Amino acid sequence: MHERERWQVIKALLRERSLVRIADACRATGVSEASIRRDFARLAEQGVAIRVHGGLEALPDTTANTPGDVLSLATRSFDVSQTLNIDAKRAIAKAAVALCADGETIIINGGTTTYQMGEYLRERRLKVLTNSYLLADALIHTSKCRVALPGGEVYREQGMIVSPFEEDAIQHYSATRMFMSAISIGPLGVIEGDPLLARAESKLLKRADKLIVLADSSKFVSRGSLVVCPLSRIDTLITDSDAPNDALDMLRGQGVRVVIVDASAQTTAAA
């Protein structure tokens, strides 16, 4: 990952939390501690954040939307997230689409893992409700699927449409499955980091019979603080072979069907 890409990831982490530790940035970028220390120093020199012992601290107003600002959610931008664990995300997305049957009505939430489903939906004929306008645009131009979007405001960084209102177009929608990615998965359930996003996903979830969670192995690290739904609501979780065994055993113990994909096989097939 190039320096500028690492800086984008670190800035996104600063929007998630007020303090980013060296270990957090190493996990998110996959580079050495020495590289992260240099990145922290450069970002602090530029006035992006404050260098503190063992980490980088966000400036007091970094996470706030002020009048005139482009709307943003307290989570990573789409551009940053799509560079992380891309092979695993593509393999997970392919397995998710394999669960679908033509003619089915499904919901797909916004996220970089769920976005990868678009590639494998090209020859399918489904009815798709999604709050990802990036996925909707891809499906409209490259697939045979019927596409519906909810009402709401556009959040450009995440490529999503989110409504703060309870009453909107989705209340009359009914789907057999919802495919959802999230910031993390833990004992309490599916976790998000932004209240508007958590609320939007909870509303979508009410319109679907079954929930399929798409989570690569990095999603089993504790982050975020808002529970979208408990583990008992998950029908199936699709992840890659690097996911921790103890976490997968915990999910199976809660009655979740776990599907494990091989990301390396996806890479080989694409080569």
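Use the structure listed above.
So, a few notes on the structure that sits alongside this text.

What counts as what
- Residue numbers run consecutively from 1 along every chain, following the written order of its sequence.
- Reporting of local features is limited, given that this is a predicted model, to residues whose pLDDT is at least 70; pairs of side-chain atoms are given and counted only at 80 or more, and all residues count toward the totals for whole chains, interfaces and linings.
- The side-chain quantities take in all heavy atoms of the structure and omit both hydrogens and water.
- Here, a strand pair is defined by DSSP locating no fewer than two bridges between the strands.
- The way it works is that DSSP assigns letters per residue, a run of H or I at least four long becomes a helix, a run of E at least two long becomes a strand, and they are numbered from the N terminus.
- Helix axes are fitted only over the stretch in contact, all axes being lines through C-alpha atoms; the angle between N-to-C directions runs from 0 to 180 degrees.
- Contacts were defined at the residue level, with two residues in contact if any of their heavy atoms lie within 4.5 Å.
- Only protein chains enter the area calculation, which uses a 1.4 Å probe; residues under 20% of their type maximum are buried, those over 50% are exposed, and those in between are partly exposed.
- Positive residues here are Lys and Arg, negative ones are Asp and Glu, while His and the chain termini are left out of the count.
- Here a salt bridge means any side-chain nitrogen of Lys or Arg lying within 4 Å of a carboxyl oxygen belonging to Asp or Glu.
- Any pair of nitrogen or oxygen atoms within 3.5 Å is treated as a polar contact; in protein, a donor-acceptor pairing is required on top of that, and neighbouring residues in sequence qualify only through side-chain atoms on both sides.

Description of the sheet that holds strand β10 (residues 184–186)
Thinking step 1. Strand order in this open sheet of three strands is β10-β11-β13, and the pairing throughout is antiparallel. Either end of the sheet is taken by a strand with one partner, and the two such strands are β10 and β13 (226–229). Adjacent strand axes in the sheet meet at a mean angle of 45° when their direction is disregarded.
Thinking step 2. In this structure, strand β11 (residues 189–192) lies alongside β13, joined through three bridges in antiparallel fashion. Residue Glu 192 lies in a different strand from β13, and its bridge partner there is Leu 226.
Thinking step 3. Strand contacts of helix α9 (residues 195–205): β11 and β13, with the helix running at about 10° to β13, the strand carrying the most contacts.

A few points about the side chain of Lys 89
Thinking step 1. Along the chain, Lys 89 turns up in helix α5 (residues 86–98).
Thinking step 2. The buried charged residue Lys 89 lacks any salt bridge partner; its closest oppositely charged side chain belongs to Asp 216, at an N-O distance of 4.7 Å.
Thinking step 3. There is a polar contact of 2.8 Å between the side chain of Lys 89 and the side chain of Thr 112.

Description of the environment of Ala 200
Thinking step 1. Within the secondary structure, Ala 200 is located in helix α9.
Thinking step 2. Considering only alpha carbons, one finds Ala 200 and Pro 150, 50 residues apart in sequence, at a separation of 10.0 Å.

The analysis is restricted to geometry; functional conclusions fall outside its scope.
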